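The chain contents come next:
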Amino acid sequence: MSTFAIVNTHVLTDDGFRSDLAVLVEGGRVSALVDASRAARHADDVRDLGGGYLLPGFIDAQVNGGGGALFNNDTSVEAIRTIALAHRRFGTTGLLPTLISDDADVMARAVAATRDAIAQGVPGVLGIHLEGPYIAPARKGTHDAAKFRVPGADEVAMATSLDNGVTLLTLAPEQVPAETIRAMVARGAIVVAGHTAATYEQARAGIEAGVCGFTHLYNAMSPLQGREPGAVGAALEDDACWCGVIVDGVHVHPASLRVALAAKPRGKVFLVTDAMPMVGSDDPSFDLYGETITAVDGVVRNAAGALAGSALDMATAVRNCVRLLGLPLEEAARMASTYPADFLGLGSTHGRIAPGYPADLVALDDGLQVVGTWIGGA
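On a predicted model such as this, the values are computed, not experimentally measured, just so you know. (Residues numbered from 1 in each chain as written. Predicted model: local features only at pLDDT ≥ 70, side-chain atom pairs only at ≥ 80, totals over all residues. Heavy atoms only, no water.)

Q: Can you walk me through the packing of helix 9 (residues 314–323) against helix 10 (residues 329–336) in this structure?
A: Angle between the axes and distance between the axes: these two values describe a pair of packed helices. Put simply, helix 9 and helix 10 touch, their axes get as near as 9 Å, and they point 145° apart. Crossing of helix 9 over helix 10 shows right-handed handedness. The segment helix 9 lies against helix 10, with Met 314, Val 318, Cys 321 and Val 322 engaging Leu 329, Ala 332, Met 335 and Ala 336. In terms of residue class, the contact of helix 9 with helix 10 is built from eight nonpolar, no polar and no charged. (Axes fitted to C-alpha atoms, helices over the stretch in contact; angles between N-to-C directions. Helix = DSSP H or I, 4+ residues; strand = E, 2+ residues; numbered from the N terminus. Left-handed = near helix turned anticlockwise from the far one by under 90°. Contact = heavy atoms within 4.5 Å. Nonpolar A, V, L, I, M, F, W, Y, C, P; charged D, E, K, R; others polar.)

Right under this line is the structure:
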């Protein structure tokens, strides 16, 4: 089995950036980190990156579309393949295709397509994110409230039936009985709160029932106020809860993001894109629920003016963390890789450059632009 070495780059290790190491890849996995000066002794092929940075591949838990495809409009393996390929050019080596609120038959097709995509080895597919339809009309965003409902036992079983990948469910805890949340968690789903009008008490009750995080913190949820902490207050207060954030300079003010980073334990805030089909596509428009939505100056809104996902990619989100939030590249990179891997329960297999881990890697130049990605060493 051949081995290749990646050299002449700053490698993000568990101990921070190292410029004296080479990454050896064999059989699709990182086999060792060795002294760069001895890389040629261990490898059949040495790949010189000419400087820059080598990071763990980015993991995006919220990807509605890419490459012109929208998962709600095309619940097929080929659509998933198109979406994953579009995001790969921006450093995303693992993702959850995300279906926003829709009918039960569409959800069932989406789960089946995700199962087939994983079984077929479509690169980068880690599971599915069902964002709704168990959410609050008052915080619906661009979701179609006509799709909203409370799931019965049969629908819970369907929504949590993916048996070869991660299932992430976004719901409004005030809209779903606690016993239903507990049933979802018991069936292996990761349940998070989003598109919620919950009071602080209702959000806390959801956490007690098994909610372990919050989807796109601050957006489409009851805000933190002095006498009513709301869902945002519950998210920031609870040290165990995870928070996904969209760092595009539009969805959340940088100051609010810095507040969240100061409030939460390190590692509990991670990046998502909430990306729509224009990522990796020349077409700024797409159709959703029969309405044409167009990104204007990079901002995606529906006709009513509500934000309708984003045109963000993960590499840009990482750059924004550095440039808008003042974070070190090391921390921004972990927010895009290590922390989402931990959130999805994949920390022992993804999100690090370490021996035994899949060679899911992204190379950035000194301007933090992507110059290469590997998934499983390919």
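Q: What is the right way to read the sheet that holds strand 18 (residues 285–288) from this model?
A: Whenever strands of a sheet pair, they do so through backbone hydrogen bonds, lying parallel or antiparallel. The three strands are arranged 18-19-20 in an open sheet whose pairing can be described as antiparallel. Two strands in the sheet have a free side with no partner beyond their single neighbour: strand 18 and strand 20 (299–301). Averaged over all neighbouring strand pairs, the angle between strand axes comes to 30°, with direction disregarded. Relative to strand 20, strand 19 (residues 291–296) is paired through three bridges, and the arrangement is antiparallel. Its bridge partner being in strand 20, Thr 294 is matched across the sheet by Arg 301. (Pairing = 2+ DSSP bridges.)

Q: Before we go on, may I ask you to explain the nonpolar core in this structure?
A: Here is a general trend for soluble globular proteins: nonpolar side chains tend to be buried in one another's company. Phe 214, Leu 271, Phe 343 and Leu 344 are the most contacted members of the largest nonpolar core, which totals 92 residues. For this core, the leading source of residues is helix 3 (residues 104–119), giving seven residues. Not counting residues up to four positions away in its chain, the partners in contact with Leu 344 are Ile 59, Ala 61, Leu 96, Val 166 and Ile 190. Ile 6, Val 11, Val 23 and Ala 359 belong to the second-largest nonpolar core, a separate cluster that totals twelve residues. (Core = buried A, V, L, I, M, F, W, Y, C linked by side-chain atoms within 4.5 Å. Buried < 20%, exposed > 50% of the residue type's maximum accessible area, 1.4 Å probe, protein only.)

Q: Is there a simple way to think about the pairing of strand 5 (residues 29–35) in this case?
A: Strand residues, when the strand is regular, have side chains that alternate between the two faces of the sheet. Pairing of strand 4 (residues 21–26) with strand 5, which is carried by six bridges, proceeds in the antiparallel orientation. Paired with Leu 21 across the bridge in strand 5 is Asp 35.

Q: When you look at the pairing of strand 16 (residues 242–245) in this model, what are you seeing that I'm missing?
A: Every second residue of strand 16 is oriented toward a common face, with Trp 242 and Gly 244 on one face and Cys 243 and Val 245 on the other, all of them buried. Examined bridge by bridge, strand 15 (residues 213–214) and strand 16 share two bridges and lie parallel to one another. Across the sheet, the residue bridging to Phe 214 is Cys 243, located in strand 16. In terms of strand pairing, strand 16 meets strand 17 (residues 269–271) through three bridges, oriented parallel. When the bridges of strand 17 are listed, Gly 244 appears paired with Phe 270. Handedness of the crossover joining strand 16 and strand 17 through helix 8 (residues 254–263): right-handed. (Right-handed = clockwise from strand over helix to strand, strands pointing away.)

Q: What exactly am I supposed to notice about the state of the cysteines here?
A: As used here, a disulfide is simply a covalent bond connecting the sulfur atoms of two cysteines. A full pass over the atoms with the stated rule returns zero disulfides. Left unpaired, Cys 212 is separated from the closest cysteine sulfur, that of Cys 241, by 6.9 Å. (Disulfide = S-S within 2.5 Å.)

Q: Hey, could you run me through the sheet that holds strand 2 (residues 10–13) in this one?
A: Spatial strand order, 3-2-7-21-22: five strands in an open sheet with mixed pairing. Every other strand in the sheet has two partners, leaving strand 3 (16–18) and strand 22 (370–374) as the edge strands with one partner each. Across this sheet, the average inter-strand angle for adjacent strands is 25°, counted without regard to direction.

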